[in-house]
Structure formats: structure tokens, C-alpha cells
Amino acid sequence: MSSELEEDATFLRSNNIPALINEVMLHLLMKKPTDPVASLREFLATVDSTLYGPGKGQQNGTALATPLEELRKPQAAAAAAAPAAGGVGGDEDYAEDLHDLEAYKGNLDAEIRSQLARGVRRFNLSKNQLTTVPSSLAGNRDVVSLSMEENQLDSLESVMTLPNLRYFNMSCNPQLKTIPDDFAQKLPLLTKIEAYKGSYSGQLPDVLCQLKHLTCLNFYNNSVLKPMEHIGDMTSLTELNLASNKMMAIKPESLTNLHNLKRLALFWNRLLRLPSLAPLRSLEILQLNGNQLPEMPTLGTHPKLEEINVNENKITAFNETLFNQVSLDTLVAGKNLLTDATICAGPLWHRLENLKKIQMPSNKLTKIPDCFLDLPSLLCLDLNENEITELPEDIDRLQRKRDPINHIFLADNRFKHLPAAMAKLTDIKRVAFRNCPLDLTHQTTKATYDTIEAAVRSRGIDGKFLDSKRTGDVPMKRPAAGPATLGASLGSPDEPRRGAKPPGAAAPGNGGGISLQIG
């Protein structure tokens, strides 16, 4: 490509030329014109016409250079007046548009040099079929952020020539299977590594533990069997994501020194046991769903722990340390082996004064646990797909507390009647009774059903029934009172999950499967 064409192509791509024009230019260059300068001049006629209107900046169908030069002048003046690039974090040092550049047919290095000349320090080179860091970038001491996601890297050697790198994304490079022994020595300033959807297997190498500034480590969806031997040395970690791997256990001493860890994501593994999590004093999010845990791990006192997810395990009872979590907002424990007796063993639930959402579908409950009815902050209760045979006569206790409940999901249970007190749940916005064998010939049940349905619809629900299993995104902030506000806060109905029953689907049978799916 001629220097003139290269210059104009770089300019147009790096400025506020409309995206459509940008695509036209790329399409033109991919045609490999025999006279690229003439072809570019033809293209500039389109630029002129778009920017200045038909007939302006043109002469006999040939674009004048003036409009493009005029466009360059403000940028050049601004660049001359701008201060030198500052520290990491400013938007001005990003090169957000350097992915999918295979259309340049080998001009990636020229583009990178142009961006470096502008002071860019962060590069996204995703989806370029690269096997190594481009030569124009290798060895650069100014680059602090590099994303090489979805390329064909087979080695990290070229990445290790960037000594001041803080952020590195090597996800979705199936050829990468090892981490060099001198990785931490060459990249000592790394604070965040993302390596999801990769081919790492066995035990993660201990060289990662030498990265003393690392705050985030993400090896989601690999084939890892064990974490690093000395993972406890990574005292700066605030986020550890080893989810969707093949781990079965973690050594007791592994987590001892991770006092700054805020998020621990170990979901979708094969974990049979976990050590005490008491040392993780800063923990805010604990994700252990999709394992084989027979019991919850022992917790300590975690003042900021807001979310615990132990869905899809084999848990039969809650560890008493659960009730020390005074900031707990969300507890997800569906698809376990919880029973009435094990849930309410001991008067401890009252300690969870900030608990807003409980999701325990697909357990072995035969009734709504009495210990749930007076939780002061509870707004959402999901007990779908249990074995509940009757509802409490004093279910209106869910209304007579500090924050009345507004979402209750009881689909796929066995109760036939609705107690009259349920009609007093006046803050209810969404209710699910789908596939419950409600007897609507029963006078109280029919009256309660009608009252609830009318109340929910009055809050803006237009009769479009949602799939009751979609409770994960239920808003927990209570809206101001009033039908208009309540209705407006709901938003549009969610789409059902793949494989879920159609919203509002009636159960088979002669009246025995009458379905009410409100919200």
C-alpha cells in the first residue's frame, strides 16, 4: 500500500468519520485496486459528499484534498495542545478499535504504530488470527493493557516483552497450554489476568503466585484439576474465578491468607469438599453452585458478604455459620436435599435482617418454612418445584413486617387451596401457582385467587404471564407506593429459558391443573 493511501486510511479510521464510510473504505481496500491512490480519491468523493453535502468539495467527480486536510487541522491542533499521556485509566489512552483487523491485509503493524504515536497504551487485538504479538508492539515499555482474546497464540514469549503490562487477556486461544517459568519475572506488574475458555489442564503453575500485584485471576472454563500449590501467597487477590473446571477439592491451607478476596467463583466444578472460608474476611460474593458438596463450607464473620449461591449441590442442611452474615442479601440454594426440619433447625434466621431474596426451588419442602415468614427484609421467595401440600393460614405475616414481600413463586407444588390470609399480601407484584392442582371450586380458594390476580394486574401487569423460574433478575429495591410506579418498575416480560415450559401453560387434567402465573 502506498504511503499516501496508508496515511489516509489510518486517519479515517482513527477519527470521527461515520462508521458507514469506514466500512466502505475497508471494502474498497480489500479489492486490491491496481491504482490505490486513484481509488482512494474516488472514495474521498463519497466522504466529501457525506460530510459536506452533494456538490461541495467536489470538482468533476474528483474529490479535492482540501476537505480532508481541513478535517486534519483541528485534530493536529488538539494533539499539539494536549498534555502528555497520563497514568493508567484515562479513556484517552485506549485503542478500542483494533480488533477484527484482518481486513487490513497485513496493515496491522502500521495501525499499531499510528496508535502508539498518538500515545495509546491499551490495545485490543482480539480476533486477528495472531500467533504472536505484532512486531510493532513487541518490546514496547509503554503498553499497560493488552487483549489477545480469540487469536491463535501458541506461546506467551512475545507477550513477555512488554515489561509494564498490567492487564492481559489471553482467553480463547486453544493452542496455549503452558505458562513459562519466568512469566512473573518478565511481567511483574500484572494486576489482572483473564484466561477463560482455554486449554489449561492439570494443576495451575505456581509461577502465577509470584505475581505480587495480581488482584484478579480468571481461568473460567478450562480443564483445571487443582489451583496453584501456593495460591495462599497471592495476598493481593480480590477476585478468583476458577469456575467451570474439573476440581474436586481444595487443600485446607490454600485459602488461609486471601484476606482481601471479595469474589470467590468455584461454580460448575466437581467439588466434594471445601476448607473453611473463615479467613476470607473481605468476601462479598460466594459462588459454589453446580458442585457435589454435601454441606456448606464453614464461614467466618464476613461483614460485606451479600450473595451466597450453593445451587445444584447435595446439601442437606445449612452450616450455623451462615447466620453470622449480617449483610447477606441473596441466598440461592435450589436443587439440593433440604427439608423442613433441616432448614428451620435452631432459631437463627432472625439474624439475617438484610436478607431480601431466598431461592430454594427443587428441594424437599412440604411447607413454607415458618422461619421465613418474619424475615424483615424478605422481598422475594422462590419455592418452586418442592412438595408443598398446604400454605400457612397466617401467610399474611409476609405482609406484616418491615418490608412486605412482593414476589412469591410456588409453581409445581401440591397444594390445592389458598388461605384467605393470602389475599392480604397487598404488595405482591408477581405470583406463580403454575402446575399446582388448585381447586377453584373451593370458595375461599377462588376468592383469594381472584383477589391476588386483580391486585397484580392493577400494578401494571397486562396479563402476559412470565415463566416463574425466571427469578434471578427480580429487582430487590422496593418502589414507591402507587399502581403507576409499581407497574412501571416491572419493565417488559422476560423471555423463558431454553427448555422451560411456555409462560402460562396450563397443566393437563380436568380442572386439577388450573394455572395462575401472574407476572
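About the cut-offs
- Residues numbered from 1 in each chain as written.
- Predicted model: local features only at pLDDT ≥ 70, side-chain atom pairs only at ≥ 80, totals over all residues.
- Heavy atoms only, no water.
- Core = buried A, V, L, I, M, F, W, Y, C linked by side-chain atoms within 4.5 Å.
- Buried < 20%, exposed > 50% of the residue type's maximum accessible area, 1.4 Å probe, protein only.
- Helix = DSSP H or I, 4+ residues; strand = E, 2+ residues; numbered from the N terminus.
- Contact = heavy atoms within 4.5 Å.
- Salt bridge = Lys/Arg side-chain N within 4 Å of Asp/Glu carboxyl O.
- Phe/Tyr/Trp six-rings, centres within 6.5 Å; stacked < 30°, edge-to-face > 60°.
- Disulfide = S-S within 2.5 Å.

## What about the nonpolar core?
Link 1 in the chain: Formed by 107 residues in total, the largest nonpolar core has its most connected members in Phe183, Trp349 and Met360.
Link 2 in the chain: Contributions of two or more residues to this core are made by helix H5 (108–117), helix H6 (183–186) and helix H8 (443–457).
Link 3 in the chain: For this core, the leading source of residues is H8, giving three residues.
Link 4 in the chain: Setting aside chain neighbours within four positions, we find Trp349 in contact with Phe318, Phe323, Leu331, Ile343, Cys344, Leu355, Ile358, Met360, Cys371, Phe372 and Leu375.

## Regarding the pattern of salt bridges
Link 1 in the chain: The full count for this structure, using the stated rule, is 12 salt bridges.
Link 2 in the chain: Note that Glu453 and Arg457 form a salt bridge whose closest N and O atoms lie 2.7 Å from each other. One end of the pair, Glu453, and the other, Arg457, are both in helix H8, four residues apart, so they sit about a helical turn from each other.
Link 3 in the chain: Taking the relative accessible area as the measure of exposure, Glu453 reaches 19% and is therefore buried.
Link 4 in the chain: Among the charged side chains, a network of salt bridges with common partners joins Asp370, Asp374, Asp394 and Arg397.

## Let's talk about the environment of Leu125
Link 1 in the chain: Positionally, Leu125 belongs in the loop between strand S4 (122–124) and strand S5 (145–147).
Link 2 in the chain: Residue classification places Leu125 among the buried residues on the basis of a relative accessible area of 0%.
Link 3 in the chain: As a C-alpha pair, Leu125 and Asn169 span 44 residues in sequence and 9.9 Å in three-dimensional space.

## Points about the packing of aromatic side chains
Link 1 in the chain: Throughout the structure, instances matching the rule amount to seven aromatic pairs.
Link 2 in the chain: Taking 5.1 Å as the distance between ring centres and 85° as the angle between the ring planes, the aromatic pair formed by Phe267 and Trp268 counts as edge-to-face.
Link 3 in the chain: Of the residues examined, Phe267 reaches a relative accessible area of 12% and is grouped as buried.
Link 4 in the chain: In this structure Trp268 comes out as partly exposed when scored by relative accessible area, which is 42%.
Link 5 in the chain: Joined through ring pairs, the aromatic side chains of Phe318, Phe323, Trp349 and Phe372 make up one cluster.

## Remarks on the state of the cysteines
Link 1 in the chain: Enumeration according to the criterion identifies one disulfide in this entry.
Link 2 in the chain: Here Cys344 connects covalently by a disulfide to Cys371, the sulfurs 2.1 Å from one another. One disulfide, between Cys344 and Cys371, carries an S-S torsion of -75° and so falls in the left-handed class. Of this pair, Cys344 sits in the loop between helix H7 (340–343) and strand S16 (357–359) while Cys371 is found in the loop between S16 and strand S17 (380–382), placing the two residues 27 residues apart along the sequence.

## Here's the deal with H5
Link 1 in the chain: Taken together, the buried positions of H5 are occupied by Leu108, Ala110, Glu111, Ile112, Ser114 and Gln115.
Link 2 in the chain: Gly119 lies just past H5 and shows a positive phi near 90°.

## Thoughts on the side chain of Asn309
Link 1 in the chain: Relative to the helices and strands, Asn309 is located in strand S14 (residues 307–309).
Link 2 in the chain: Overall, the relative accessible area of 14% leaves Asn309 in the buried class.

## Concerning unusual backbone geometry
A negative phi angle characterises most non-glycine residues, just as the trans form characterises most peptide bonds.
Link 1 in the chain: Residues other than glycine seldom take positive phi values, yet Gln129 does so here, at roughly 60°.
Link 2 in the chain: By secondary structure assignment, the location of Gln129 is in the loop between S4 and S5.
Link 3 in the chain: The exposure class of Gln129 is exposed, given its relative accessible area of 54%.
Link 4 in the chain: Notably, Glu150 is not glycine yet its phi reads approximately 55°, a positive angle.
Link 5 in the chain: Among the structural elements, Glu150 can be located in the loop between S5 and strand S6 (167–169).

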